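Structural overview for review
Spelled out, the chains give:
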There are 2 protein chains.
Amino acid sequence: MERHFDEELEMLNTDILKMAVFAERAIFQSIEALKNRDKNLARAVIEQDKKIDELELVIEERAISLLALRQPMARDLRFISTGMKINAELERIADLAVNIAQKVVELAGQPLLKPLIDIPKLAVTARKMVKDAIDAFVHRDQNLAKEVILSDPEADNLRNIVQQDLINDYMVKDGTTAPRAVSLLLIARNLERICDHATNIAEDVIYMINAKNVRHHIEKLNPK
Amino acid sequence: MERHFDEELEMLNTDILKMAVFAERAIFQSIEALKNRDKNLARAVIEQDKKIDELELVIEERAISLLALRQPMARDLRFISTGMKINAELERIADLAVNIAQKVVELAGQPLLKPLIDIPKLAVTARKMVKDAIDAFVHRDQNLAKEVILSDPEADNLRNIVQQDLINDYMVKDGTTAPRAVSLLLIARNLERICDHATNIAEDVIYMINAKNVRHHIEKLNPK
């Protein structure tokens, strides 16, 4: 029995939401694993990534077959092409959480370098940006998408603080801290890259809503 | 006057090649700037990125309008959807070259930490992988695409060598080297990420050629 086009679009929407839930969970769990030095949780994040990779392929194939068989126009075309891009961004976000989890496994045997404050804060920002970007997609909320884009400099700033702190207060003062400090620094960079992907999603959402491309040009978007 | 569909596909092809030339040049110049401590060349890489960002948008808009107006089937559909993905990968590759150029500007006022050997080697690998991935796209050469994918572990390995060397031979022995060592380490990671994007392109090309998705499953591809 042939499905209605609307149903197929709805399935695509649902699958992207599922993908977003997986990606958000991977971020949350990788940072919980870091905070609690929990190797098993870190391994679970790495293991779960297979499911995310599979779902990415399913979504992509579905989107391409919708394009080919349904030949959608205008609004639907933008929804499907945006869905394909968001799908790819979410898969990369999950990969970055896996990178973090891998570092947690490496670090688990060693004493904690310092109390973690700014990295969990950056992780909260990253999750919020991903969640808001996906909410903006679901509710076609241009203002929320814009907020995501405008919060990216805050994430960059937080990552800079983490990096400078690790270099100046640890590595420079005591070189033997370098291996652990570099791992934390790379975790912070992975989180910042998650924020960058959330920004990409928000830009894609704005394009979907008003067919205006704000990538590299957020100033093009009118004020609220 | 309306253009033929074939001409439009050819224009898309040509623009992607142009994008690839820009991206390869950005990698080359950013590493030349690093080797020669050439701030002006690094600034030129940063400046040129605007042109790459603009071309990315032109290509994307053209591809979407081809999808919408021409409603291509099967082979052409895969060519256009792959072209869109390669376009996005090339833009990110150029961004990573910009990241390197920014580090070169920061480093230019400071004495060189060490003679650069492995980083330029990694840069050569990165450029070759990007070039081969694009050649595989142009000539629909599945074996060349597969070679790109199989050379990615070599890039990971080279980056590991650079990282371990910087940590153990510099940062641990003399903490004051940390700021410069971290910059070099991040440059190596940017190069490795360029290799990852070249791998993504190669996977997209294989999909385009035989409609078989090898992402996350290179073993699915039969031996030559």
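Residues numbered from 1 in each chain as written. Chains lettered and ligands numbered in written order. Predicted model: local features only at pLDDT ≥ 70, side-chain atom pairs only at ≥ 80, totals over all residues. Heavy atoms only, no water.

**Some remarks on the pattern of salt bridges**
Applicable threshold: Salt bridges are counted wherever a side-chain nitrogen of Lys or Arg sits within 4 Å of a carboxyl oxygen of Asp or Glu. Labels follow the DSSP assignment, with helices taken as runs of H or I lasting at least four residues and strands as runs of E lasting at least two, numbered in each case from the N terminus.
Tallying each qualifying case throughout the model produces 24 salt bridges over all chains. For A:Glu32, the salt bridge identified is with A:Lys35, shortest N-O distance 3.2 Å. You can see A:Glu32 and its partner A:Lys35 sitting in helix H1 (residues 5-35), three residues apart, about one turn around the helix. Among the salt bridges present, the one from B:Arg62 reaches B:Asp15, with a minimum N-O distance of 2.4 Å. Here B:Arg62 is found in helix H2 (residues 39-70), whereas its partner B:Asp15 is found in helix H1 (residues 5-36), with 47 residues between them in sequence.

**As for the nonpolar core**
Rule in force here: By convention a nonpolar core is built from buried Ala, Val, Leu, Ile, Met, Phe, Trp, Tyr and Cys residues, the set being connected through side-chain atoms within 4.5 Å. Think of it in three bands: residues with accessible area under 20% of the maximum for their type are buried, residues over 50% are exposed, and the middle band is partly exposed, with areas taken using a 1.4 Å probe on protein chains only. Only heavy atoms enter the contact rule, under which two residues are in contact if any of them lie within 4.5 Å.
In this structure, A:Leu90, A:Met171, A:Leu191, B:Leu90, B:Met171 and B:Leu191 are the most contacted members of the largest nonpolar core, which totals 157 residues. A:Met171 has contacts with A:Leu166, A:Thr177, A:Ala178, A:Ala181, A:Val182, A:Leu185, B:Met171, B:Gly175, B:Ala178 and B:Val182, leaving out every residue within four places of it along the chain.

**Notes on the relation of the copies chain B and chain A**
The condition is simple: The superposition of copies rests on a least-squares fit of C-alpha positions from residues with pLDDT of 70 or more in both.
For these two chains of identical sequence, chain B goes onto chain A by a turn of 180° and a shift of 0.0 Å along the axis, with RMSD 0.0 Å. Put plainly, the chains are arranged around a two-fold axis. The C-alpha atom lying nearest the rotation axis in chain B is that of B:Gly175; the distance is 2.0 Å. When the interface residues of chain B are mapped onto chain A, 100% of them are again interface residues, pointing to one common binding face.

**A few points about the packing of H2(B) against helix H3 (residues 74-107) of chain B**
Residues and elements named next belong to chain B. Using the following cut-off: In this description, a line fitted to the C-alpha atoms serves as the axis of each element, helices being fitted only across the stretch in contact, and the angle between N-to-C directions of two axes falls anywhere from 0 to 180 degrees. Oblique is the label for any angle not under 35 degrees, not over 145, and not in the 65 to 115 range, which are roughly parallel, roughly antiparallel and roughly perpendicular in turn. A crossing counts as left-handed when the near helix is turned anticlockwise from the far one by less than a right angle, and as right-handed when that turn is clockwise. In this classification, Asp, Glu, Lys and Arg are treated as charged, Ala, Val, Leu, Ile, Met, Phe, Trp, Tyr, Cys and Pro as nonpolar, and every other residue, Gly included, as polar.
The contact between H2 and H3 brings their axes to 9 Å, and the two run at 165°. Taken together, the axes of H2 and H3 lie roughly antiparallel to each other. In this structure, H2 meets H3 at a crossing whose hand is left-handed. Residues belonging to the contact of H2 with H3 are distributed by class as follows: 19 nonpolar, two polar and eight charged.

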